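Breakdown of the fold
For reference, the chains in residue letters:
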Amino acid sequence: MKILIISAGPGLDEIRKVHGHATDWITKLIPSDIQVNVVNSYNNEDFKESEYDAWIITGSAFSVIDNTQWIIKLKEKIKYAEQNSIYVLGVCFGHQIISAALGGKVVKNPKGWELGSYPLSLNSKGHSSELFKNINSDDYFYFSHEDVVLELPSNAQELASNKMGLQSFHIDNKIFGVQFHPEFTFDIMEQYVKIRFQKGVISQLNPVYESKTSYKVITNFIEICKRRV
């Protein structure tokens, strides 16, 4: 099986110098017997869609709303993925661009930034979804975003939400989105909060609690792909 990690941004310099990039964190969660390639979509690097069984689209400091050329191009590739049964997991920005590409709506959240570790609520479909297998619904989840999916594509089904809005969805159990960051560790999340606070993005240091099971979204997605490839 071949997995493509689509990087949607370089990440914060301060984070990358200490912890590496999100593509590194995701790769560490993927079994070593699976071939993993990385493409920097935000740098207009191209890839052949049909070469991969599944894609994982990372978070980004860029906004889907800006709809720059590379974002438009990535949206077209997401449409191809849906039409050709390629499995896709979108994380944060990835979750948003999948929704926008397939007919949903993304906006700046009028409730403001969601930055730190917070709970979410799985609905009945979320509880039964393989994506959330062995994930504690009472756990904390790591967030760092200002935009939010306001409306889902017509063929999408919501899996989770919280007071800040929609947090996860799926389309035909092939395409998945999660607004939170399963690839983050406690240390990475804590540093994001400190950096954003120092830059004045948030007015106070939000609490960070350890997420013990949310990383399983990555491993669960891989298992879903394995059984269907």
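Residues numbered from 1 in each chain as written. Predicted model: local features only at pLDDT ≥ 70, side-chain atom pairs only at ≥ 80, totals over all residues. Heavy atoms only, no water.

Structurally, Asn 162 can be placed in strand 10 (residues 157-162). Judged by its relative accessible area of 19%, Asn 162 falls in the buried class. A polar contact is formed between the side chain of Asn 162 and the backbone oxygen of Pro 119, at a distance of 3.2 Å. There is a polar contact of 2.9 Å between the side chain of Asn 162 and the backbone nitrogen of Met 164. Apart from the residues within four sequence positions on either side, Asn 162 is in contact with Glu 114, Pro 119, Leu 120, Phe 143 and Gln 167. (Helix = DSSP H or I, 4+ residues; strand = E, 2+ residues; numbered from the N terminus. Buried < 20%, exposed > 50% of the residue type's maximum accessible area, 1.4 Å probe, protein only. Polar contact = N/O pair within 3.5 Å; in protein donor to acceptor, adjacent residues only side chain to side chain. Contact = heavy atoms within 4.5 Å.)

With that settled, the discussion passes to empty space enclosed by the protein. Under the defined criterion, the tally for this structure stands at 1 cavity of 30 Å³ or more. For the largest cavity, the full set of lining residues is Ser 41, Asn 44, Glu 45, Phe 47, Trp 70, Lys 73, Leu 74 and Lys 77. Here the lining of the largest cavity is composed, by residue class, of 3 nonpolar, 2 polar and 3 charged. (1 Å grid on protein atoms, 1.4 Å probe; cavity = no way out; pocket = protein on both sides within 12 Å on 5 of 7 lines; lining within 4 Å. Points joined across faces, edges and corners; volume = space filled by probe spheres on them. Nonpolar A, V, L, I, M, F, W, Y, C, P; charged D, E, K, R; others polar.)

On to the pattern of salt bridges. For the structure shown, the criterion picks out 10 salt bridges. As a salt-bridge pair, Glu 49 and Lys 77 come within 3.1 Å of each other at their nearest N and O atoms. Pair noted here: Glu 49 is in the loop between strand 2 (35-40) and strand 3 (54-57) and Lys 77 is in helix 3 (residues 69-83), with a separation of 28 residues, a long-range link. Each of the two residues, Glu 49 as well as Lys 77, counts as buried. Of the charged contacts in the structure, one is a salt bridge between Asp 147 and Lys 108, with a shortest N-O distance of 3.5 Å. Note that Asp 147 is positioned in strand 9 (residues 147-151) and Lys 108 in strand 5 (residues 105-108), a separation of 39 residues in sequence. The exposure class assigned to Asp 147 is buried, which follows from its relative accessible area of 6%. Among the residues examined, Lys 108 registers a relative accessible area of 47% and is labelled partly exposed. (Salt bridge = Lys/Arg side-chain N within 4 Å of Asp/Glu carboxyl O.)

Moving on to the packing of aromatic side chains. A complete count under the given rule lists 12 aromatic pairs for this structure. Measuring from ring centre to ring centre gives 5.2 Å for Phe 47 and Trp 55, while their planes differ by 85 degrees; the resulting arrangement is edge-to-face. Residue Phe 47 is classed as buried on the basis of its relative accessible area of 9%. Through a chain of ring-to-ring contacts, three or more aromatic side chains come together here, namely Tyr 118, Phe 132, Phe 141, Phe 143 and Phe 180. Directly above the ring of Phe 47 sits Lys 77, whose terminal nitrogen or CZ lies 4.4 Å from the centroid. (Phe/Tyr/Trp six-rings, centres within 6.5 Å; stacked < 30°, edge-to-face > 60°. Lys NZ or Arg CZ within 6 Å of the ring centre and 35° of its normal.)

Turning our eyes to something else, we now look at the pairing of strand 12 (residues 175-178). The two faces of a sheet get side chains in turn, since along a regular strand they alternate between them. Where burial is concerned, the two faces of strand 12 agree: the one with Ile 175 and Gly 177 and the one with Phe 176 and Val 178 are both buried. Alignment of strand 4 (residues 87-91) against strand 12, held across 4 bridges, turns out to be parallel. The partner of Gly 90 across the bridge, within strand 12, is Gly 177. With 4 bridges connecting them, strand 11 (residues 165-171) and strand 12 associate as antiparallel partners. Bridging from a neighbouring strand, Ile 171 pairs with Ile 175 of strand 12. (Pairing = 2+ DSSP bridges.)

Any functional reading would require information that these geometric values do not contain.
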